[in-house]
Amino acid sequence: MKNAKFILLAVLFFFVVSGCGVIQNTPTPWPPQVPDGQGGIISLPVIQLAANNIVVTGTKGKFLLTTANSLVGGASEWPPFYPEPVPAKSLDVRIRQGAMISHDQPTDPVVWLVTEYNLQGVVTTAMVLPRGQNAYNFLIEGERFIGIRAYWTRDQYVTYFFSVKVKP
Amino acid sequence: MKLETHPSFKWFRRVYIAITLIVVASVSACGVARVTSHVTSAIPPTTWPPQVSNGQGKIIPLPLIQIEVNGVVHYGRPGEYSWSNSVGDKGGGAIYGSSTAFVLQKDQIFKITHNQQTDPISWIIVEFDDQGIPVTAISPQSGNAFYTFVTAGNRILKITAQWARDKYVTYHFSVQVMP
């Protein structure tokens, strides 16, 4: 009886450890998946930033999505405008060189709201880029973060944060 | 037995008087509210400045951002904030009060002020159109900020004052911009 309990415990331990390993090795789904408010999952639109033939994807920030059924998909309300965690992969750009912003949706967003931060997390530049203007010029040297929010409507927007090294 | 001395009549009379008093008081209150509603843009919400939890069981006042036009101060609706004071108390989150739209003229330059001893390092001012889409964003650095609307219509101005990465407050102002 004592042996049976021991074996049972060992088997349970094995399954728990294996399960943890499987979870750890499971890649993060891409594009990011978010609850649709009805128990389902929908894919979040993706924003990318490119320069010198290098394309990077950012860290997902605040978003709001309304589905065809007028249901709010979900919103990550915090942090409101600073990336947590900070994007790991950085993009090298030259000062005053336009970095190209792109997305994966069939229709262009009506505007891009771009917010640039220094390494201390303080906003240094904020601007609205109208539809069709997909290039953003960095005017300050050094390591920067930028948050790019794409608006399709007031209830449909996504934000991604990027890490950038601006060189002379 | 006379009607006036009947116990049921006395009871009904008391109820009647009570209901009359309640109705009169309610109508008066509504009248006062209607009269004062014309100047509510200059009257802050009941709890002012907004009180927030510091995350350690204490309540602290949230810094204020105001719009000043010709000596009149307009208050906004508090939104997202993160705040820490000198002794390390921290608060963060979002509160949503109410505000009444106020009228400004197109091309009228107005001042955006705060009530703190030190100026913010940065402002983030985002103007939204009546569809809720941002049309302009600027980030004046330090001091009091100035802004002007160049298009008439209903606008929302979302103003963030940032003292540090995790020290900022955001207020939303509803503005009717006249041509």
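Remember, it's a predicted structure, so these values are computed and weren't measured experimentally.

### Re the overall build of chain B
Stage number 1. The number of helices and strands found in chain B is one helix and 13 strands.
Stage number 2. Ordered by position from N to C terminus, the α and β elements of chain B give α-β-β-β-β-β-β-β-β-β-β-β-β-β.
Stage number 3. The 179 residues of chain B split such that 26% are buried.
Stage number 4. Here the contacts in chain B between residues at least 6 apart in sequence split such that 64% fall between residues at least 24 apart.

### Some words on the interface of chain B and chain A
Stage number 1. Each side of the interface is counted separately: chain B has 17 residues, and chain A has 18 residues.
Stage number 2. Elements that contribute at least two residues to the side of chain B that touches chain A include exactly β9 (122–128) and β10 (134–138) of chain B.
Stage number 3. Per-element accounting of the side of chain B that touches chain A gives the leading share, five residues, to β10 of chain B.
Stage number 4. The residue makeup of the side of chain B that touches chain A, split by class, is nine nonpolar, six polar and two charged.

### Looking at the nonpolar core
Stage number 1. Ile 148 and Phe 162 of chain A together with Ile 159 of chain B are the most contacted members of the largest nonpolar core, which has 54 residues in total.
Stage number 2. The element best represented in this core is strand β12 (residues 156–167) of chain A, accounting for seven residues.
Stage number 3. In this structure Ile 148 of chain A touches Ile 47, Ile 101, Trp 112, Val 114, Thr 159, Tyr 160 and Phe 162 of chain A, once residues within four positions along its chain are discounted.

### Here we look at the sheet that holds strand β11 (residues 145–147) of chain B
Residue and element names in this part refer to chain B.
Stage number 1. Here four strands make up an open sheet; going across it, the order is β4-β3-β8-β11 and the pairing antiparallel. Here the strands that pair on one side only, and so sit at the sheet edges, are β4 (72–75) and β11. On average, each strand axis in the sheet is inclined to that of its neighbour by 35°, with strand direction left out of account.
Stage number 2. Examined bridge by bridge, strand β3 (residues 65–69) and β4 share four bridges and lie antiparallel to one another. Each bridged residue has a counterpart across the sheet, and for Val 69 the counterpart in β4 is Val 72.

### Observations regarding the environment of Lys 165 of chain A
Stage number 1. By the element assignment, Lys 165 of chain A lies in strand β12.
Stage number 2. Between the alpha carbons of Lys 165 of chain A and Arg 144 of chain A there is a distance of 6.3 Å; along the sequence they are 21 residues apart.

### A short note on the sheet that holds strand β7 (residues 98–103) of chain A
Residue and element names in this part refer to chain A.
Stage number 1. Taking strand neighbours across the sheet as the criterion, the four strands line up as β4-β3-β7-β10 in an open arrangement whose pairing is antiparallel. Of all strands in the sheet, those bounded by a partner on one side alone are β4 (54–57) and β10 (135–137). For this sheet, the mean inter-axis angle between neighbouring strands, taken without regard to orientation, is 30°.
Stage number 2. Two strands pair when backbone bridges link them, and strand β3 (residues 47–51) and β7 are joined in this way by four bridges, in the antiparallel orientation. Bridge pairing in β7 links Ile 47 to His 103.

### Considerations on unusual backbone geometry
Residues and elements named next belong to chain A.
Stage number 1. With a phi close to 55°, Asn 52 is a non-glycine residue in the positive phi region.
Stage number 2. Position of Asn 52 relative to the elements: it lies in the loop between β3 and β4.
Stage number 3. Looking at Asn 52, the number of C-beta atoms within 10 Å reads 10, which means it is exposed.
Stage number 4. Not every positive phi belongs to a glycine, and Arg 96 is a case in point at roughly 65°.
Stage number 5. Residue Arg 96 is classed as exposed on the basis of its C-beta count, with 10 C-beta atoms lying within 10 Å.

### Looking at the confidence of the model for chain B
Residues and elements named next belong to chain B.
Stage number 1. Per-residue confidence for chain B gives a mean pLDDT of 78; residues scoring 70 or more make up 67%.
Stage number 2. Low pLDDT, under 50, characterises residues 29–41; the predicted model gives this stretch four contacts beyond four residues in sequence or across chains.
Stage number 3. Across the interface, the model reports ipTM at 0.73; the global pTM reads 0.73.

### A word on the environment of Thr 170 of chain B
All names here are of chain B.
Stage number 1. The topology assignment puts Thr 170 in strand β13 (residues 167–178).
Stage number 2. Classification of Thr 170 as buried rests on a count of 22 C-beta atoms within 10 Å.
Stage number 3. Separated by 90 residues in sequence, Thr 170 and Glu 80 place their C-alpha atoms 5.4 Å apart.

What counts and how
- Residues numbered from 1 in each chain as written.
- Chains lettered and ligands numbered in written order.
- Predicted model: local features only at pLDDT ≥ 70, side-chain atom pairs only at ≥ 80, totals over all residues.
- Helix = DSSP H or I, 4+ residues; strand = E, 2+ residues; numbered from the N terminus.
- Buried ≥ 20, exposed ≤ 12 C-beta atoms within 10 Å, placed from the backbone.
- Contact = placed C-beta atoms within 7 Å.
- Nonpolar A, V, L, I, M, F, W, Y, C, P; charged D, E, K, R; others polar.
- Core = buried A, V, L, I, M, F, W, Y, C linked by C-beta atoms within 7 Å.
- Pairing = 2+ DSSP bridges.
- Axes fitted to C-alpha atoms, helices over the stretch in contact; angles between N-to-C directions.
- pLDDT = per-residue confidence, 0-100.

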